[in-house]
Amino acid sequence: MTNKNVHIVSFGEVLWDVFPEASLLGGAPLNVAMRLHTQGAEVTMLSTVGDDDLGHRALAEIQTQGLSTTGISVSAYKPTGQVLVSLSDGVAQYSILEDVAWDHITIPSVMIPKIKQADALIFGSLALRKKHNLQTLNELLEYSNFSIFDLNLRPPFYSDTLILDLMRKADLVKMNDEELVHVCRLLDIHTDDLQEQVLTIAEKTATRNICVTLGDQGAVLLYGKEFVTHPGYKVKVADTVGAGDSFFAGLIYHLLCGSNTETALDTACAIGALVASKKGANCEVTSREITHLQRGA
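Residues numbered from 1 in each chain as written. Predicted model: local features only at pLDDT ≥ 70, side-chain atom pairs only at ≥ 80, totals over all residues. Heavy atoms only, no water.

### Quick word on the environment of Ser159
Part 1 of the reasoning: With respect to the secondary-structure elements, Ser159 resides in the loop between β9 (147–150) and α5 (160–169).
Part 2 of the reasoning: Judged by relative accessible area, which is 34%, Ser159 ranks as partly exposed.
Part 3 of the reasoning: In this structure, the C-alpha to C-alpha distance between Ser159 and Glu178, residues 19 residues apart in sequence, is 16 Å. (Helix = DSSP H or I, 4+ residues; strand = E, 2+ residues; numbered from the N terminus. Buried < 20%, exposed > 50% of the residue type's maximum accessible area, 1.4 Å probe, protein only.)

See below:
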């Protein structure tokens, strides 16, 4: 692992994934933040939790993981977010509760200098289902040095107009294969060639950097003028919750540290596969495990 000092701000939902047998702290922006932290990045999480038992537990767990909670405000009026999760053959299905604390994120003024100095700002679409958060994010984007958009589409909590607008504002966009189909439809792209799809999206949205994840088939990355692919690592899947978030964290960290595109994508695929092979979004993944998987493939 590289040890370059990278500071990343993650904006969005902090919530509890409620499984039939347990509740786990999550939310894509937090999952990415926690995995970035284990990679070695300095991470600032911007969100809001409720002044309730789940909110207090969330803050305590985040602190236990070594992350600062100074960017996470507490709402006296809205409950901490929850997502009811069911698994079918290891694939997650979600029911997302509405009008919760993370729908009303407030940013402490002391955070603005951190955002201005950060290497990157990460955000997704789900946290923007309310106008308040969208207005807040648009203000933050004015300060951002490198804006990273994870589509993370969760019907019905987005609009096509919003998605295209955010893609045009972002410096790096990440989507999965299903989201790629949706974006191609929006942009009237009819080719079946994956590389041509990505290059055309980049041209039509003026986005230079695009990553598409392909499940167990790996991922592709357009970074500047480079287009690289990875077939993915084959593992026995325990559950897919957080695997894409961990992949993304690995990719972001290594790209911002200056790794070449092949190394960054390879490491990201290894991390994502290892998380999919374990239970929970924020399971431990060691450097040794990553290296072992890379060398054994």
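### A short note on the packing of aromatic side chains
Part 1 of the reasoning: Counted according to the given criterion, the structure contains one aromatic pair.
Part 2 of the reasoning: Here the aromatic rings of Phe123 and Phe149 are separated by 5.2 Å at their centres, their planes lie at 10°, and the arrangement is stacked. Here Phe123, found in strand β8 (residues 120–124), pairs with Phe149, found in strand β9; they are 26 residues apart in sequence, far enough to count as distant.
Part 3 of the reasoning: A relative accessible area of 1% means that Phe123 is categorised as buried.
Part 4 of the reasoning: We classify Phe149 as buried; its relative accessible area is 0%.
Part 5 of the reasoning: Just above the ring of Phe157 sits the side chain of Arg129; from NZ or CZ to the centre is 4.6 Å.
Part 6 of the reasoning: A cation over a ring is seen here: Lys174 above Phe248, with NZ or CZ 5.4 Å from the ring centre. (Phe/Tyr/Trp six-rings, centres within 6.5 Å; stacked < 30°, edge-to-face > 60°. Lys NZ or Arg CZ within 6 Å of the ring centre and 35° of its normal.)

### Some details on empty space enclosed by the protein
Part 1 of the reasoning: What the rule picks out here adds up to one cavity of 30 Å³ or more.
Part 2 of the reasoning: Looking at the largest cavity, its volume works out to about 60 Å³.
Part 3 of the reasoning: Taken together, Ser10, Phe11, Ala28, Pro29, Val32, Ile122, Phe123, Gly124, Asp150 and Asn152 make up the full set of residues lining the largest cavity.
Part 4 of the reasoning: Secondary-structure elements contributing two or more residues to the lining of the largest cavity are β1 (7–11), α1 (28–39) and β8.
Part 5 of the reasoning: Of the residues belonging to the lining of the largest cavity, the class tally is six nonpolar, three polar and one charged. (1 Å grid on protein atoms, 1.4 Å probe; cavity = no way out; pocket = protein on both sides within 12 Å on 5 of 7 lines; lining within 4 Å. Points joined across faces, edges and corners; volume = space filled by probe spheres on them. Nonpolar A, V, L, I, M, F, W, Y, C, P; charged D, E, K, R; others polar.)

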